[in-house]
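Listed here are the chains, written in short residue letters.
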Amino acid sequence: MVGNDFLPRIILGTNGDHTFFRVLVDWLFSQNPGAIGATQIRSHVAGLPLALHCPSSRRLRDAVLLLLDYFFLPVIAPSARLAAAHNIKMGLTELDTQYALTSFITLNDRGKALTILEKLKALWLQRAVAIGNFHLTVPIHGVFGDLYRLADSCVHVGLKKGLGEAEDFLAQLLYHWLDMTRPQHEVWFSAEKVYEWFIASDPAADVSGWVAAAQQIHLQLNHLCTEYLEPAAQQAQQPSIHFPGTSTLFCDYHSLLVRLELPNHLLALLLMFRQLHPRFEWHDRHTFPFAVNPLLAQPICSLLQVEKNEIAGLGGNANGALQSYYDELEAGSRNNCNNLTESGQLVSRDKSMLEAIERIAVLAWKEGSNPRAGFTHQCAATFTPQYNPGDFVSSWYAFCNQGGTYDSWYIEKLCNRNAPVSQYYLLYEWERHLIARAGGQKVLPGVIGCLAQQSGIELEHILPAAWEETIVNSGQTFPQWGFRDPTQFQRSMLERIGNKALLWGNCNVVVGNDHPNIKATHYTGGTCNHNPNAPSLIQIEKVGQEIIRLGAGPSPLFKIYVELRCAEIAKFALRRFC
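Each value, and the rule that gives it
By convention here, each chain's residues receive numbers from 1 onward along its written sequence. Reporting in this predicted model follows two pLDDT cut-offs: at least 70 for local features of residues, and 80 or more for side-chain atom pairs to be given and counted; totals over whole chains, interfaces and linings ignore these cut-offs and use all residues. Computation of side-chain values covers all heavy atoms of the structure but excludes hydrogens and water. The helix and strand labels rest on DSSP assignments: H or I over at least four residues marks a helix, E over at least two residues marks a strand, and numbering proceeds from the N terminus. Exposure classes here rest on a 1.4 Å probe applied to the protein chains alone. A residue is buried below 20% of its type maximum, exposed above 50%, and partly exposed in between. Two N or O atoms form a polar contact when they lie within 3.5 Å of each other; inside protein one atom must be a possible hydrogen donor and the other a possible acceptor, and for residues adjacent in sequence the pair counts only when both atoms belong to side chains. The contact criterion used is simple: two residues touch if any of their non-hydrogen atoms lie within 4.5 Å. Salt bridge, as applied in this entry: a Lys or Arg side-chain nitrogen positioned within 4 Å of an Asp or Glu carboxyl oxygen. A strand pair is defined by DSSP finding two or more bridges across the two strands. Note on definitions: the grid is 1 Å and covers protein atoms alone; a cavity is a set of points where a 1.4 Å probe fits but cannot get out; a pocket is an open set with protein on both sides within 12 Å along at least five of seven lines; lining residues have an atom within 4 Å of a point. Grid points are joined across faces, edges and corners, and a volume is the space filled by probe spheres set on the points. How far a helix is expected to stretch is found by multiplying one less than its residue total by 1.5 Å. Among buried residues, the Ala, Val, Leu, Ile, Met, Phe, Trp, Tyr and Cys ones that are joined through side-chain atoms within 4.5 Å form a nonpolar core.

(A) Focus on the side chain of Lys 500. Along the chain, Lys 500 turns up in strand β4 (residues 500–504). Residue classification places Lys 500 among the buried positions, given a relative accessible area of 2%. Side chain to side chain, Lys 500 and Gln 423 meet in a polar contact 2.7 Å long. Beyond its immediate stretch of four places on either side in the chain, Lys 500 contacts Ala 419, Gln 423, Leu 427, Leu 459, Glu 460, His 461, Ile 462, Leu 494, Glu 495 and Arg 565.

Laid out in structure tokens, this is it:
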């Protein structure tokens, strides 16, 4: 205020705050004004018990004691003391209940701007009072207290990076939970837009429905955080549904929710499954018929044929190791490539809701399209008692192919185009696959089997982004490496999935922009495939060993190798996601 004066304000937040204030006021009203003095009041107030985790109660008590000490102790005329206090202005104003609640909408009791979640709490209280549902004020306070603690849990398990982001995330979940069966639902609403949506809602809307939604979200998301995103939790240590011999459920959940950064509307869908079918967990598998399209393997088969021709064109410059790599991939794809037909095959699939959500998140990223088309319609159809858990999972597992053939687009992209936006997730899962294929020992969750808690892992370009300078300084040319010019390399090869691998960040300093055959010597050494107190990365060591066997450059062998690696990773993706 002007002249550094201030207006003290106490906002009662928790049930404990309200209880404390009620006990204090009730006691004061029960006393005979002529028989009690400031000393007795102070003694009583100082002795009032404070509820745990209710800092506002302590601030309220301290404020009462401060006023007593300043104005009434020692005993002098209060009016004289008050009149002499130029730095404090006091006033009592009784407002209409609805207007009194607006004190929430500007600042909290710490004097900081309200978060979206705090604004929603204030709005819900106002709406409850406005329509006469005074009994809802206590459950509103209670459920928002649960949500604030849940925001802390989301940060703790890595689901969100900070408390502000976590609170915004919870506000967005509330919106999805309440609205995702409506055709006009917006899947990418920001937290601010969510608040505007609540503001614009019918003033007579049933606030109890909002409270019930918040309670359901807390129940499901708290279960997810405590049981599956805590690596030491008993359920989290159960075997992985993908790699049961070498990994855990913690890795499955952490990879999808944290590493892939699952969109909020898909996380809301995941949580809703268990809300509707509480006897089942998200990773429980259900058997259902599924139509498999044999043509999904076509891009892999076509790429292998191209590389077969390129290897044959090398003539006497062909390399035995490269031929062996091709032969291995061709043998593993022979059945698929010999049975390419346009008719689908109906097979029995055992899949979970976790895998259905993964499939949507990984495959439905086609540029220039709307993979969410039909999302709200599908929600409205499946959020009904007629859908049993198996039907629910099978319906969402097939969702990607209802608005377009996203699986065939994904495989074709891996074979022939720049890597998809989910490339990090794909390469992490590829690493888990290589660990399992190598017969690695089962490891502690979050340490080796899923690299969940390891930092410093980066994306490596095997044929480097700044390769042109190295080639020029070496007196070489791009045609010697199999490319027409730098532009063709940049456009057709640099960002392909076969040209990428995970490695430890400290290795980048060592490998720089050297030729691939030089970098390979580092890939197989301790600098690149290990980090202090961290596991080896099988994929970068595998790349190093395979490139070393190709010999020295310049040679088009390395281009063919990278394209064959595209086919190898696409084969893994075909089995895993399609």
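(B) Expanded view of the pattern of salt bridges. Scanning all chains against the criterion turns up 21 salt bridges. In this structure, the salt-bridge partner of Arg 576 is Glu 358, at a minimum N-O distance of 2.7 Å. Placement of the pair is Arg 576 in helix α26 (residues 557–577) and Glu 358 in helix α15 (residues 353–363), with a sequence separation of 218 residues. The same class applies to Arg 576 and to Glu 358, which are both buried. Lys 559 is the salt-bridge partner of Glu 563, the closest N and O atoms lying 3.4 Å from each other. Of the two residues, Glu 563 and Lys 559 are both situated in helix α26; the distance of four residues between them amounts to about one turn of the helix. Of the two residues, Glu 563 and Lys 559, both sit in the buried class.

(C) Up close: the pairing of strand β3 (residues 457–461). Burial within β3 is extensive, with four of its five residues counted as buried. Sheet analysis places β3 next to β4, joined by five bridges and oriented antiparallel. Within β4, the position partnered with His 461 by the bridge is Lys 500.

(D) Representation of empty space enclosed by the protein within the structure. Per the stated rule, a full pass over the model turns up three cavities of 30 Å³ or more. Empty space within the second largest cavity amounts to approximately 40 Å³. Lining the second largest cavity are Ile 241, His 242, Asp 252, Leu 256, Leu 354, Glu 355, Glu 358, Tyr 425, Glu 429, Arg 432 and Arg 576. Elements with a minimum of two residues in the lining of the second largest cavity: α11 (249–259), α15 and α19 (423–437).

(E) Helix α12 (residues 264–276), seen in detail. With 13 residues, α12 should reach 18 Å at 1.5 Å per residue; the first-to-last C-alpha distance of 18 Å fits that figure. Of all the 13 residues making up α12, eleven are buried; the element is thus mostly covered by neighbouring parts of the structure. Among the residues of α12, Asn 264, His 265, Leu 266, Leu 267, Ala 268, Leu 269, Leu 270, Leu 271, Met 272, Phe 273 and Arg 274 are the ones counted as buried.

(F) Looking closely at the nonpolar core. Core analysis: the largest hydrophobic core is formed by 147 residues, its most contacted members being Trp 124, Leu 159 and Leu 221. Counting residues per element, this core draws most heavily on α26, at 14 residues. In this structure, Leu 221 is in contact with Leu 150, Cys 154, Leu 159, Phe 169, Leu 170, Leu 173 and Leu 271, ignoring residues within four places of it in sequence. In terms of nonpolar packing, the next biggest core, distinct from the first, is built from ten residues, Ala 38, Leu 48, Leu 60 and Leu 68 among them.

(G) Broad picture of the environment of Leu 229. Assignment of secondary structure puts Leu 229 in the loop between α10 (207–228) and α11. Residue class for Leu 229 comes out buried when judged on its relative accessible area of 2%. The spacing of Leu 229 and Phe 250 is 21 residues in sequence and 5.8 Å in space, taken between C-alpha atoms. Apart from the residues lying within four places of it in its own chain, the contact partners of Leu 229 are Val 157, Leu 159, Leu 224, Phe 250, Tyr 253, His 254 and Leu 257.

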